Amino acid sequence: GQQVMQIPQYQHVQEGEDFTTYCNSSTTLSNIQWYKQRPGGHPVFLIQLVKSGEVKKQKRLTFQFGEAKKNSSLHITATQTTDVGTYFCAGPESGGYQKVTFGIGTKLQVIP
Amino acid sequence: DTGVSQNPRHKITKRGQNVTFRCDPISEHNRLYWYRQTLGQGPEFLTYFQNEAQLEKSRLLSDRFSAERPKGSFSTLEIQRTEQGDSAMYLCASSFDTGHQPQHFGDGTRLSIL
């Protein structure tokens, strides 16, 4: 079955440093979604990328979807303590039903 | 839009007991998903409904797990003869049914098996 892998699993950064998490799927994805889960909270949708090579920005967050639609990245510029949480990528396989497979997540800790 | 609501928030039960969780999705959403999440892991897909039809069920899900969405609105997830390994956060999410829509999650039900 489809596997979605994320690296790193944990990342500690000094406040103000940049952060990047990478997501790789074993199969081609029709789209990639990114979610953020704060400690004690539930996953919250951040963004969806659909097109091959697509890049989207949300303030300090930059999301990329690979040309082959099998990988993606999330880059945060100048991290803040409010960025703390676990970032998940998730993607449905191309075609078929709407089952979405989540990655294991990257837990970001920002040191003030 | 009151969001996705899950009840109860916490459930503590003895091994071998049956438990049932409820999820009320966002009212306009046709799709409803159940996930299980353990510490340090991402949400693990359990099952998915389009209106009242259960379209997919994880092969990892044993026969002790069953889910229903009888009228295409709220859903219930039942676990029979609970085991220690069932301890987890059970998350419900809902979405629209056009294309691949983002999912809106509830706060989850945390199940602890004694």
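What you see is a predicted model, and the numbers here were worked out from it, not measured in a lab.

Brief notes about the overall build of chain B
For chain B, the count of helices and strands is zero helices and 11 strands. Listing the helices and strands of chain B from first to last along the sequence gives β-β-β-β-β-β-β-β-β-β-β. Relative to its length of 114 residues, chain B is compact, with a C-alpha radius of gyration of 13 Å against a globular reference of 13 Å. Over its C-alpha atoms, taken along the principal directions, chain B stretches across nearly 40 × 25 × 25 Å. Split into buried and exposed, the 114 residues of chain B put 46% on the buried side. Of the contacts formed within chain B by residues at least 6 apart in sequence, a portion of 54% connects residues at least 24 apart. Each charge sign in chain B was given a centre, from 14 positive and 13 negative side chains, and these centres are 7 Å apart.

As for the interface of chain B and chain A
Contacts between chain B and chain A engage 21 residues on the former and 19 residues on the latter. For the chain B and chain A pair, buried surface summed over both sides reaches about 1800 Å², with 56% attributable to carbon and sulfur atoms. At the surface where chain B touches chain A, the tally comes to zero salt bridges. In this assembly, chain B and chain A are joined by five residue pairs in polar contact (both at pLDDT 80 or more). Of all the elements in the fold, those that place two or more residues in the side of chain B that touches chain A are strand 4 (31-37), strand 5 (44-50) and strand 6 (53-57) of chain B.

A few points about the packing of aromatic side chains
For the structure on display, the rule yields 14 aromatic pairs over all chains. Taking 5.5 Å as the distance between ring centres and 40 degrees as the angle between the ring planes, the aromatic pair formed by Y35(B) and F105(B) counts as tilted. Here F105(B) lies in strand 10 (residues 104-105) and Y35(B) lies in strand 4, a separation of 70 residues in the sequence. The residues Y35(B) and F105(B) share a single accessibility class, namely buried. Taken together, a centroid distance of 6.5 Å and an interplanar angle of 35 degrees make the contact between F65(B) and Y90(B) tilted. Of the two residues, F65(B) sits in strand 7 (residues 65-68) while Y90(B) sits in strand 9 (residues 88-95), which places them 25 residues apart along the sequence. Accessibility assignment for this pair places F65(B) and Y90(B) in one class, buried. Site record: aromatic cluster; members linked through ring pairs are Y35(A), F45(A), F88(A), F102(A), Y33(B), Y35(B), F45(B), Y48(B) and F105(B).

A closer look at the pairing of strand 3 (residues 19-25) of chain A
Residue and element names in this part refer to chain A. Covered by surrounding structure in strand 3 are F19, T21, C23 and S25 only, the residues T20, Y22 and N24 on the alternate face being uncovered. Direction of pairing for strand 1 (residues 4-7) relative to strand 3: antiparallel, over a ladder of four bridges. Bridging from a neighbouring strand, V4 pairs with S25 of strand 3. Where strand 3 lies against strand 8 (residues 71-76), six bridges are found, and the strand directions are antiparallel. Paired with T21 across the strands is L74, a residue of strand 8.

Quick word on the confidence of the model for chain B
With 97% of its residues at a pLDDT of at least 70, chain B reaches an overall mean of 93. Taken element by element, chain B is modelled with least confidence in strand 6 of chain B, mean pLDDT 89, and with most confidence in strand 3 (residues 19-24) of chain B, mean pLDDT 98.

Here we look at the state of the cysteines
Summed over all chains, the structure comprises two disulfides over all chains. The disulfide partner of C23(A) is C89(A), and the S-S distance across this bridge is 2.0 Å. Residues C23(A) and C89(A) share a disulfide whose torsion about the S-S bond is about 80 degrees; that sign makes it right-handed. Of this pair, C23(A) sits in strand 3 while C89(A) sits in strand 9 (residues 85-92), placing them 66 residues apart in sequence. Note on accessibility: C23(A) and C89(A) belong to one class, buried. The disulfide bridge from C23(B) ends at C92(B), spanning 1.9 Å between sulfur atoms. The sign of the S-S torsion, about -65 degrees, decides the handedness of the disulfide formed by C23(B) and C92(B): left-handed. Taken as a pair, C23(B) in strand 3 and C92(B) in strand 9 lie far apart in primary sequence, 69 residues in all.

About the thresholds
- Residue indices begin from 1 for each chain and proceed along its sequence in written order.
- As a convention, the first chain written is A and the first ligand written is 1, with the rest following in written order.
- This being a predicted model, a pLDDT of at least 70 is required before a residue's local features are given, and a value of 80 or more before pairs of side-chain atoms are given or counted; all residues contribute to the totals for chains, interfaces and linings.
- In computing side-chain values, all of the structure's heavy atoms are included and hydrogens and water are not.
- Secondary structure elements follow DSSP: runs of H or I of four or more residues count as helices, runs of E of two or more count as strands, with numbering from the N terminus.
- Here the radius of gyration uses the C-alpha set of atoms, whereas the globule reference equals 2.2 Å times the residue count to the power 0.38.
- Accessible area is worked out with a 1.4 Å probe on protein chains only. A residue is then buried under 20% of its type maximum, exposed over 50%, and partly exposed in between.
- In what follows, residue pairs with any heavy atoms lying within 4.5 Å of each other are defined as contacts.
- Think of it this way: Lys and Arg go in the positive column, Asp and Glu in the negative one, and His and the chain ends go nowhere.
- Think of each charge as sitting on NZ of Lys, CZ of Arg, CG of Asp or CD of Glu.
- By convention, the term buried area covers the 1.4 Å-probe accessible surface removed from two parts as they join, with the contributions of both added.
- When a carboxyl oxygen of Asp or Glu is within 4 Å of a side-chain nitrogen of Lys or Arg, the pair counts as a salt bridge.
- Any N or O atom pair separated by 3.5 Å or less is treated as a polar contact, with the protein-specific requirement of one donor-capable and one acceptor-capable atom, and with residues adjacent in sequence counted only for side-chain atom pairs.
- Ring pairs shown here join Phe, Tyr and Trp side chains whose ring centres sit within 6.5 Å, with only the six-membered ring taken for Trp; geometry is labelled stacked below 30 degrees between planes, edge-to-face above 60, and tilted in between.
- By this definition, two strands are paired if DSSP reports at least two bridges between them.
- Within a predicted model, pLDDT stands for the predictor's per-residue confidence, ranging from 0 to 100.
- Pairs of cysteine sulfur atoms within 2.5 Å are what we label disulfides.

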